[in-house]
Amino acid sequence: MKKNLDTICIHGGWKPRKGEPQQLPIYQSTTFRYETSEQMAKLFDLEEEGYFYTRLANPTVDAVAKKIAALEGGVGCVLTSSGQAANFYAVFNICQAGDHFITSNNIYGGTFNLFGVTMKKLGIECTFVDPDWSDERIEQEFRPNTKCFFGETISNPGGNVFDIERFARMAHRHGVPLIVDNTFATPINCRPFEWGADIVTHSTTKYMDGHATQVGGAVVDSGNFDWDNCQHIGEALPPTEEAGKEAFPGLCEPDESYHGLTYTKAFGKMAYTTKLVAQLMRDLGSIPSPQNAFLLNLGLETLHLRVARHCENAQKVAEWLEQNPRVAWVNYAGLPSNKYHALAQKYMPNGLCGVIAFGLKGTREDAIRFMDNLDFISIVTHVADARTCVLHPASHTHRQLSDEQLREAGVAPDLVRLSVGIESVDDILADLQQAMEKA
Ligand code: PLP
């Protein structure tokens, strides 16, 4: 039976049978027992499905991965130990030394560093493009060895909305998949596969968990990218120079570490997901613990309720900030005055997320005084939590930089990142008001 997202949040991934626990059990075991060595051998040869070692698969972790796959409408999902690992695996599963990929330049700082610095050390080059450039300008950056395009549905911390449909078409014109980090929007507000994205990633640390209890990530595959023919299934695009160039040998050619098995031939639409587990998890091992997967699942059970409340509260707070004489500027795509409002309405008509960026009039010191005078709104580096929290990059994550250096890094010295929680919005506004009066 086809289910709505609210029902999947609660029931997805785990269906207890007679006498089994109603709540998803924590299979806190590294390994699983078999009765004959042949049974075990078939698992190692990927001939049969089953559990043998938690680095590769665990029933608790798998149940939660299935729930996230269902929420996104994907064919497969792999949970990772962090959002960083998810973004690394999503790209590294199809890129190797000598390859290149393109990303929107306004992505989360950790991902920016991963792509621009660390992956470069592995021989994988990344070009950062401004999504506001014209198609023509961006398409100049595609090369014969380009393997994917990457962007965030809602960028952290800027709050810019990524034009998924436009970039999916562009990526597909060049025979490569579009990978979208859907952390801030969550599948409750946006399902990138419905707009042509091929792979979705998450930092599940954020709204999916929502209670600041576990660090985790997820990679979801739509199953819609035809790796052998370098095209999005069903999209009738004229063949490109890149098509048929054997762009994805890791998926389309025999894997010697698996007895010459070819993932696309053996697993069809599950090729990308199977390779990610069988190769990357086997060799790099960034698995979440069963305990963390359990905690994530508790968060997912109320995702649909929390996300709606985050958005309702954030919209009211953004409108209040925009009218506030102490505030210099507000960036929230839910505001009609925002540059990305039309895109926000197209992709996320039911709401965006709880994260707002704004600038307080005055100096860096005024922003610090405002933050120090907050009552229950807490200063943390985290976002997307049930509790309202705040961060001032100029005095925290980027504190070593001068105002000029900050501007060069694209961070306004007065930028305050406010992650609106699910408390009473009246109390959130009252706390902001009293702290501003003391700043
Ligand atoms: N992607 C986005 C959009 C993020 O905001 C973050 C972290 O803030 C990450 C990925 C990295 O996730 P994690 O902190 O779980 O490694």
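Residues numbered from 1 in each chain as written. Predicted model: local features only at pLDDT ≥ 70, side-chain atom pairs only at ≥ 80, totals over all residues. Heavy atoms only, no water.

Scanning the protein from N- to C-terminus turns up 17 helices and 14 strands. Relative to its length of 439 residues, the protein is compact, with a C-alpha radius of gyration of 22 Å against a globular reference of 22 Å. With the principal axes as the frame, the protein shows a C-alpha extent of 70 × 60 × 40 Å. For the protein, the residues scored as buried account for 54% of the 439 residues in total. For the protein, the exposed surface amounts to about 19000 Å²; the carbon and sulfur share of it is 51%. Counting 39 positive and 54 negative side-chain charges, the protein places the centres of these two groups 3 Å from one another. (Helix = DSSP H or I, 4+ residues; strand = E, 2+ residues; numbered from the N terminus. Rg over C-alpha atoms; globule rule 2.2 N^0.38 Å. Buried < 20%, exposed > 50% of the residue type's maximum accessible area, 1.4 Å probe, protein only. Areas by Shrake-Rupley, 256 points an atom, 1.4 Å probe, with all protein chains shown as cover. Lys, Arg positive; Asp, Glu negative; His and termini not counted. Charge placed at Lys NZ, Arg CZ, Asp CG, Glu CD.)

This part covers unusual backbone geometry. Glycine aside, negative phi is the norm for most residues, and most peptide bonds take the trans geometry. Note the cis peptide between Asn156 and Pro157, where omega equals 5°. Among the secondary structure elements, Pro157 is positioned in the loop between strand E4 (146–152) and helix H7 (164–173). A positive phi angle is found at Cys230, which is not glycine, with a value near 50°. By secondary structure assignment, the location of Cys230 is in the loop between strand E8 (225–226) and strand E9 (231–232). Accessibility expressed as a relative area gives 3% for Cys230, which makes it buried. In this structure, Ala384 takes a positive phi of about 65° despite not being glycine.

Bringing the packing of aromatic side chains into the picture now. Within the structure shown, the criterion is met by 18 aromatic pairs. Between Phe149 and Phe167, the ring centres sit 5.1 Å apart and the planes meet at 25°, which makes this aromatic pair stacked. Of the two residues, Phe149 is situated in strand E4 and Phe167 in helix H7; the sequence distance between them amounts to 18 residues. In this pair, the class of Phe149 matches that of Phe167, namely buried. Ring centres of Trp195 and Tyr347 lie 4.7 Å apart, and the angle between their planes is 80°; on these two criteria the pair is classed as edge-to-face. Note that Trp195 is positioned in the loop between helix H8 (186–189) and strand E6 (199–203) and Tyr347 in helix H14 (residues 341–347), a separation of 152 residues in sequence. Given the relative accessible area of 25%, Trp195 is considered partly exposed. Under the relative-accessibility criterion, Tyr347 is labelled buried at 3%. For the cation-ring pair, Arg137 lies above Trp133, with the distance from its terminal atom to the ring centre recorded as 4.1 Å. (Phe/Tyr/Trp six-rings, centres within 6.5 Å; stacked < 30°, edge-to-face > 60°. Lys NZ or Arg CZ within 6 Å of the ring centre and 35° of its normal.)

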